[in-house]
Structure formats: C-alpha cells, structure tokens
Amino acid sequence: MPQYAVVAYDYTDAEALDRRLANRDAHLDGVRKLAREGCFLSGGAILDDNGKMMGSNAHFQFADRQALEAWLETEPYMTGRVWERVDIREVKLFDPSA
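Scope of this entry: the structure provided in the associated data block. (Residues numbered from 1 in each chain as written. Predicted model: local features only at pLDDT ≥ 70, side-chain atom pairs only at ≥ 80, totals over all residues. Heavy atoms only, no water.)

What about the pattern of salt bridges?
Point 1. Counted under the stated rule, the structure contains six salt bridges.
Point 2. Here Arg19 ties to Asp13 by a salt bridge, and the two come within 2.9 Å at their closest N and O atoms.
Point 3. In this structure Arg19 comes out as buried when scored by relative accessible area, which is 16%. (Salt bridge = Lys/Arg side-chain N within 4 Å of Asp/Glu carboxyl O. Buried < 20%, exposed > 50% of the residue type's maximum accessible area, 1.4 Å probe, protein only.)

Considering the nonpolar core
Point 1. With 15 residues, the main nonpolar core has Leu34, Phe60, Phe62, Leu68, Trp71, Trp83 and Ile88 as its most contacted residues.
Point 2. Contributions of two or more residues to this core are made by strand S1 (3–10), strand S3 (53–61), helix H2 (65–74) and strand S4 (83–91).
Point 3. For Leu34, the residues in contact, after removing those within four places along its chain, are Cys39, Phe40, Phe60, Phe62 and Trp71. (Core = buried A, V, L, I, M, F, W, Y, C linked by side-chain atoms within 4.5 Å. Helix = DSSP H or I, 4+ residues; strand = E, 2+ residues; numbered from the N terminus. Contact = heavy atoms within 4.5 Å.)

Looking at unusual backbone geometry
Point 1. Although it is not a glycine, Arg81 sits at a positive phi angle of roughly 55 degrees.
Point 2. Of note, Arg81 is situated in the loop between helix H3 (76–79) and S4.

Focus: the side chain of Gln3
Point 1. With respect to the helices and strands, Gln3 occurs in strand S1.
Point 2. In terms of polar contacts, Gln3 uses its side chain to reach the backbone amide nitrogen of Leu93, at 2.8 Å. (Polar contact = N/O pair within 3.5 Å; in protein donor to acceptor, adjacent residues only side chain to side chain.)

Remarks on the environment of Pro76
Point 1. With respect to the helices and strands, Pro76 occurs in helix H3.
Point 2. With relative accessibility at 15%, the residue Pro76 sits in the buried group.
Point 3. For the pair Pro76 and Ala26, spaced 50 residues apart in sequence, the C-alpha separation works out to 6.4 Å.
Point 4. Every residue in contact with Pro76, bar those within four places of it in the chain, is listed here: Asn23, Ala26 and His27.

Thoughts on the pairing of strand S2 (residues 40–47)
Point 1. In the sheet, S2 pairs with S3 via seven bridges, with the strands oriented antiparallel. What sits directly across from Gly44, in S3, is Asn57.
Point 2. In this structure, the hairpin formed by S2 and S3 is closed by a connection of five residues, where Gly51 is found at a positive phi of approximately 80 degrees. (Pairing = 2+ DSSP bridges.)

Have a look at this one:
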C-alpha cells in the first residue's frame, strides 16, 4: 500500500487554537479508527518555538491517493477549519524490523 507523509499547518487567526481544541476529540477518534484499520502509522502535533500547537505531521498508508483525499474530506481538522494548508507527499518509510 502506498505510504504518505502529511504535513498540515493550522490557520493563524485568533480563534485557530480554539477550533483545534474544539475538534481535537473527534480528530483523535478518527485517527484511532485509522490506526485500527492499519492506515495511520505515526504522527502528532507540530509545535512552535513556544510549545504551542501549530499543525500536524503524520504518516499514513492508504490503498491510493484518492482514498487519502476521501479521508481528508471528512477529517474534523479540515471540516472544522483547523488546517489551513496541507502538504501530501508519497513516501517509503523505513521498516526497522526488515
């Protein structure tokens, strides 16, 4: 299955962190579901120099790019206007067990 690195940057307006926190539980529930399905591989928040959340960085594997895009259309951080800009790149992650 293709693997993807997703780097998403939050909006920077005054309400951005509030929207992130308001959507966080739904976002994490979705990530847990993806992990159970084998699609979420690793990830977490990107922090600024003061330790404040300003984005997300994650690795996923989906059947194809279209499946990743379909997930993004329903992702709470997208629908809740948390992520302003999302960069997606196909990657080949190192498997230390191989």
